[in-house]
Amino acid sequence: MSDFLELQSPAKLNLFLHIIGRRSDGYHLLQSVFQLIDWCDTIALKLIAENTIRRINPLPSVPPEQDLVVRAAQVLKDTYQVKQGVEITLDKQIPMGAGLGGGSSNAATVLIGLNHLWQLKLDLATLCKIGLQLGADVPFFLFGNNAFVEGIGEKLQLIELKSQRFLVIFPGQSITTARIFQDPQLTRNHAPITIDGLFVSPPSYTSSQFGNDCESVAMQICPEVKQALAWIEANLPGSAPRMSGSGSSVFTVLDQDQTPAALERKLQNLPSGWVGRIVGGLNKNPAYNLISSEKL
């Protein structure tokens, strides 16, 4: 059994995001389609003799008690009384506070990797319960497939998505999810849709009916969101960009005939501090083969 594992930890896009209600405990009920993309962090896990969790190159702005990779390892270690330690290295490429799910993906990747290295043999349902304690999006990344998502993020149904490329722009400013969802102006009564409708008539996710209910609030909190949307509209007329998750990243679907090289040149002129990428959609989490081999 190996004592080292390196895994890719992918981002996701919300192809749309509808807020359809709110639970008595304050959590919001949503509907969305989550699309995995090939913008990835890299996580390395190395078993060590010391009975501790050691985080290499921690993020300067994130204290250990808020670090999702440490919390994921710690909850697994404590719950199953694991007497072995681990050294965790994270190569962070996905922007933080960007609505791309990077932190949740990192937590899920650590759970997948340590379930394998520590030979816990936990099934998917068990891991998802643990993951939900860490964040509403964590079960999606454990699920490993693109999904129609409901509840607070824990109700997942596999959905087949055609292969697409996207332009994603992070406008250099982060937005906390809590700030968006606490805003009194947030729409919380979007009429529910059904997954049957999605399958019977595959929707155009660029149409107005598939928007992001968080977008208008995010633009008030973070003007850079509006600026990034305007940049895409100016450089790709008719592209109907929208925000992902609770922001601040925005994206648009790229047509097959759009030339990546020409768009890449335009991205060189983004405002200082912005990050723009052309990404491809993924059908599976890169760790899916490991998930399958463990029969999660």
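Residues numbered from 1 in each chain as written. Predicted model: local features only at pLDDT ≥ 70, side-chain atom pairs only at ≥ 80, totals over all residues. Heavy atoms only, no water.

Comments concerning the overall build of the protein chain
We apply this condition: Runs of H or I in DSSP of at least four residues are treated as helices and runs of E of at least two as strands, each being numbered from the N terminus. We compute the radius of gyration from the C-alpha atoms alone; for a globule the expected value is 2.2 Å times N to the 0.38, where N is the number of residues. Exposed residues in this analysis have more than 50% of their type's maximum accessible area, buried residues have under 20%, and partly exposed residues fall in between, with area computed by a 1.4 Å probe over protein chains only. Pairs of residues are marked as contacts when any of their non-hydrogen atoms sit within 4.5 Å. To measure how exposed things are, a 1.4 Å probe is used in the Shrake-Rupley method; for residues, cover is taken only from the protein chains shown. Residues scored as charged are limited to Lys and Arg (positive) and Asp and Glu (negative), so that His and the chain ends carry no count. In plain terms, the charge of a residue is placed at NZ if it is Lys, CZ if Arg, CG if Asp and CD if Glu.
Looking only at helices and strands, the protein chain has 10 helices and 10 strands in total. The C-alpha atoms of the protein chain give 19 Å as radius of gyration, which agrees with the globular expectation for 296 residues (19 Å, within 12%). On the principal axes, the C-alpha backbone points of the protein chain span a range of 55 × 40 × 35 Å. Expressed as a percentage of the 296 residues in the protein chain, the buried residues total 53%. Long-range pairs, those at least 24 residues apart, make up 77% of the contacts in the protein chain between residues at least 6 apart in sequence. When the accessible surface of the protein chain is totalled, it reaches about 13,500 Å², and 49% of it is carbon and sulfur. The positive charge centre, built from 24 side chains, and the negative charge centre, built from 26, are 1 Å apart in the protein chain.

Notes on the packing of aromatic side chains
Test applied: Here the aromatic set is Phe, Tyr and Trp, taking the six-membered ring for Trp, and pairing holds for ring centres within 6.5 Å; pairs whose planes are under 30 degrees apart are stacked, those over 60 apart are edge-to-face, and all others are tilted. When the NZ atom of lysine or the CZ atom of arginine is within 6 Å of a ring's centre and also within 35 degrees of its normal, the charge is said to sit over that ring.
The tally for this structure, following the rule as stated, stands at 4 aromatic pairs. Between F34 and F140 the ring centres are 4.9 Å apart and the planes differ by 90°, which places this aromatic pair in the edge-to-face class. A residue pair is termed long-range when its members are at least 10 positions apart, and F34 in strand β2 (residues 28-48) and F140 in helix α4 (residues 138-143) qualify at 106 residues. For the pair F140 and F141, a centre-to-centre distance of 5.0 Å together with 65° between the ring planes defines the contact as edge-to-face. Assessed through its relative accessible area of 0%, F141 is described here as buried. Ring-pair connections join several aromatic residues into one group, and the members of that group are F34, F140 and F141. Residue placement shows K12 over the ring face of F34; its charged tip is 4.9 Å from the ring centre. The aromatic ring of Y288 is capped on one face by K284, whose charged end is 4.3 Å from the ring centroid.

Digging into the side chain of N212
As a reminder of what qualifies: Any N or O atom pair separated by 3.5 Å or less is treated as a polar contact, with the protein-specific requirement of one donor-capable and one acceptor-capable atom, and with residues adjacent in sequence counted only for side-chain atom pairs.
Take N212: it is sitting in the loop between α6 (195-200) and α7 (215-221). A relative accessible area of 9% places N212 in the buried class. Within the local environment of N212, its side chain forms a polar contact with the backbone oxygen of M243, the two atoms lying 2.8 Å apart. At 2.9 Å, the side chain of N212 forms a polar contact with the backbone oxygen of G245. Among all residues touching N212, those that are not within four sequence positions of it are L17, M243, S244 and G245.

Regarding the pattern of salt bridges
For the record, the criterion: Between Lys or Arg on one side and Asp or Glu on the other, a salt bridge is scored when a side-chain nitrogen of the former is within 4 Å of a carboxyl oxygen of the latter.
This structure, assessed with the given rule, holds 6 salt bridges. One salt bridge in this structure joins D41 and K92, with 2.7 Å as the shortest N-O distance. With D41 in strand β2 and K92 in the loop between β4 (85-91) and α2 (102-117), this pair connects stretches of sequence that are 51 residues apart. Residue D67 is joined to R55 by a salt bridge in which the shortest nitrogen-to-oxygen separation is 2.9 Å. Of this pair, D67 sits in the loop between β3 (53-56) and α1 (68-79) while R55 sits in strand β3, and the two are 12 residues apart along the sequence. Neither residue differs from the other here; D67 and R55 are each classed as buried. Overlapping salt bridges, with partners in common, bring together E50, R54 and E87 in one network.

A few points about the side chain of S246
With respect to the helices and strands, the residue S246 is situated in the loop between β8 (242-243) and β9 (250-254). Its relative accessible area of 8% is what places S246 among the buried residues. Among the polar contacts made by the side chain of S246, one reaches the side chain of T177 at a distance of 3.1 Å. In contact with S246, not counting residues within four places along its chain, are G99, I175, T177, I180, F181 and C214.

Thoughts on the packing of α1 against α2
A pair of packed helices is captured by two measures, namely the crossing angle of their axes and the spacing between those axes. The cut-off we apply is this: For helices, the fitted axis covers only the stretch in contact; all axes are lines through C-alpha atoms, and the angles between them, taken along N-to-C directions, range from 0 to 180 degrees. Handedness of a crossing follows from how the near helix is turned relative to the far one, being left-handed for an anticlockwise turn of less than a right angle and right-handed for a clockwise one. Put simply, Ala, Val, Leu, Ile, Met, Phe, Trp, Tyr, Cys and Pro go in the nonpolar bin, Asp, Glu, Lys and Arg in the charged bin, and everything else, Gly too, in the polar bin.
Contact geometry for α1 and α2: axes closest at 8 Å, N-to-C directions at 35°. Helix-helix and strand crossings are classified by hand; for α1 and α2 the assignment is right-handed. Where α1 abuts α2, its residues L68, V69, A72, A73 and L76 lie against G103, S104, N106, A107, V110, L111, L114 and N115. Here the residues of the contact of α1 with α2 are counted per class, giving 9 nonpolar, 4 polar and no charged.

Brief notes about the nonpolar core
The nonpolar side chains of soluble globular proteins are, as a tendency, buried together. So the rule is basically this: We call a set of buried residues a nonpolar core when its members are Ala, Val, Leu, Ile, Met, Phe, Trp, Tyr or Cys and they connect through side-chain atoms within 4.5 Å of each other.
Among the nonpolar cores identified, the biggest contains 71 residues, and L111, L114, L167, I169 and I180 are the most heavily contacted of them. Look past the residues within four positions of L114 in its chain and what remains in contact with it is L45, A73, L76, V86, Q119 and L120. If you look at the next biggest cluster of nonpolar residues, it comprises 21 residues, including L15, A98, I195 and L198.

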